[in-house]
Amino acid sequence: IILLLLICSLSVTAQTSSAKWKMMEAQGDTLLNQQDFQGAIKIYNNVIELTKLKDTESKGVLYKRAICFYSVGEFQKALDDLQIFIPEYPGFPRAKLLRAFVNRELGNTQAQLDDINELLLLNPTSQDLLKFKASIFLETEKYKEAKTALLDLQKVVNDEEIETQLGFIYSNLNEPDSAFAHFDSALSINGGYAPAYIYISSLCL
């Protein structure tokens, strides 16, 4: 997750400013890429104190600090930064993806879905986003919604994990025949997939 979010972390702000804080920001970026998150937070704090976030460009540092906060488990602080950053950079989808991960840690299901659904409007066939959406429903035991999400995902790709998840869902929906069929399909795709064996054995019992 962190590597995914870091890919664009250095391109958030423009490269035109020669202000002192830009040099400090670059130091923070170096620490961020070295995964010294606490050190990067200190530098970004200094940048924020110096700039007072008076313009859109300086607010770009909030995304990077949010990555750091997320990485060290300070999820509410990460969310606070993103709530300021995202309105300033509405065309930067990775910030919404990060906010979805943060809200997962904070247990806010609806907020996760809101961001994932917005991202799916931009990329409706994204396997990662469709899997994320299905996982939200699975974690909250909303099995009918999870089934719909996984069936949408199957239109794009299919594998043993998806088939096993569908089997698990049908088991919880009291449809054992459908569950068995999906577990069997998972094993036909990958005969060594252990979770499918575990679930199909439990179903048979």
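Calculation notes
- Residues numbered from 1 in each chain as written.
- Predicted model: local features only at pLDDT ≥ 70, side-chain atom pairs only at ≥ 80, totals over all residues.
- Heavy atoms only, no water.
- Salt bridge = Lys/Arg side-chain N within 4 Å of Asp/Glu carboxyl O.
- Helix = DSSP H or I, 4+ residues; strand = E, 2+ residues; numbered from the N terminus.
- Axes fitted to C-alpha atoms, helices over the stretch in contact; angles between N-to-C directions.
- Parallel < 35°, antiparallel > 145°, perpendicular 65-115°, else oblique.
- Left-handed = near helix turned anticlockwise from the far one by under 90°.
- Contact = heavy atoms within 4.5 Å.
- Nonpolar A, V, L, I, M, F, W, Y, C, P; charged D, E, K, R; others polar.

S.K.: Can you explain the pattern of salt bridges? Please cite residues and give values.
M.R.: Any two side chains of opposite charge can pair if their charged atoms end up close together. For the structure shown, the criterion picks out 12 salt bridges. Among the ionic pairs, K22 bridges to E57, the shortest N-O distance being 3.9 Å. Placement of K22 in helix α2 (residues 20-33) and of E57 in the loop between α3 (37-51) and α4 (61-71) is noted, with a sequence separation of 35 residues between them. Among the ionic pairs, D115 bridges to R99, the shortest N-O distance being 2.7 Å.

S.K.: Could you give an account of the packing of helix α7 (residues 109-122) against helix α8 (residues 127-139), with specific residues and numbers?
M.R.: Two elements in contact, α7 and α8, have axes whose closest approach is 10 Å; the angle formed by their N-to-C orientations is 160°. Judged by the inter-axis angle, α7 sits roughly antiparallel to α8. Our pair here, α7 against α8, has a crossing hand that is left-handed. Of α8, the residues touching α7 (which contributes T109, Q112, L113, I116, N117, L119 and L120) are L129, L130, F132, K133, I136 and F137. Residues that form the contact of α7 with α8 fall into these classes: nine nonpolar, three polar and one charged.

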